[in-house]
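Given next are the chains, with one letter for each unit.
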Amino acid sequence: MKTLAFLLLLITTSFTPDTILGKWTNADKSKELTLVKNGNGYTGISEGKEILQNLVYANGTYTGKVFLPKRHQTFPCTITLKGDDTMEITVKAGFMSQTKVWTRIK
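Reading the values: rules and limits
Residues numbered from 1 in each chain as written. Predicted model: local features only at pLDDT ≥ 70, side-chain atom pairs only at ≥ 80, totals over all residues. Heavy atoms only, no water. Pairing = 2+ DSSP bridges. Helix = DSSP H or I, 4+ residues; strand = E, 2+ residues; numbered from the N terminus. Axes fitted to C-alpha atoms, helices over the stretch in contact; angles between N-to-C directions. Core = buried A, V, L, I, M, F, W, Y, C linked by side-chain atoms within 4.5 Å. Buried < 20%, exposed > 50% of the residue type's maximum accessible area, 1.4 Å probe, protein only. Contact = heavy atoms within 4.5 Å. Salt bridge = Lys/Arg side-chain N within 4 Å of Asp/Glu carboxyl O.

Draft legend 1. View of the sheet that holds strand β6 (residues 73–83). The strand order around the closed barrel built from 8 strands is β1-β2-β3-β4-β5-β6-β7-β8, with neighbouring strands paired in antiparallel fashion. Ignoring strand direction, the axes of neighbouring strands in this sheet form an average angle of 30°. Bridging between strand β1 (residues 22–26) and strand β2 (residues 32–38) involves 4 bridges; their strand directions are antiparallel. The residue of β2 that forms the bridge with K23 is T34.

Draft legend 2. Spatial organisation of the nonpolar core. Counting 19 residues, the largest nonpolar core has I20, L33, L35, L52, I79, M87 and I89 as its most contacted members. Elements represented by at least two residues in this core include exactly β2, β4 (49–58), β5 (61–68), β6 and β7 (86–93). If one sorts the elements of this core by residue count, β6 sits on top with 4 residues. Leaving out residues up to four positions away in the same chain, L33 has contacts with G22, K23, W24, G44, I45, S46, I51, L52, M87, I89 and W102.

Draft legend 3. Representation of the pattern of salt bridges. Applying the stated criterion to the full structure yields 3 salt bridges. Close ionic contact of R104 with D85 constitutes a salt bridge, the shortest N to O distance being 3.2 Å. Separated by 19 residues along the polypeptide, R104 in strand β8 (residues 96–104) and D85 in the loop between β6 and β7 bring together distant segments of the chain. Using a relative accessible area of 26% as the deciding quantity, one classes D85 as partly exposed. The network of salt bridges with shared partners includes D85, R104 and K106.

In short, the description is geometric, and any link to function would need to be established separately.
Shown next, in the form of structure tokens:
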């Protein structure tokens, strides 16, 4: 049990908040997202628009908002890094949520 707790601690502390910076693509590689530092937080830009807004890092998770251009609406989101090159973006709309996996573009 102590070994498992140590491994979990090691995994969660191996990332720095800036690990999220860079270019990412969605599962079918139809969209690109560039994450940049914006003051004390992070912003995700796609096709010249701020899609991910006001992202703040705490306890291994980024929280903020996602703007969905097709719906012209903004929703709360969380981002969790699953490795240096994989992240999960979860968008919440009321009682529903949807998670998408994005991978780093090298």
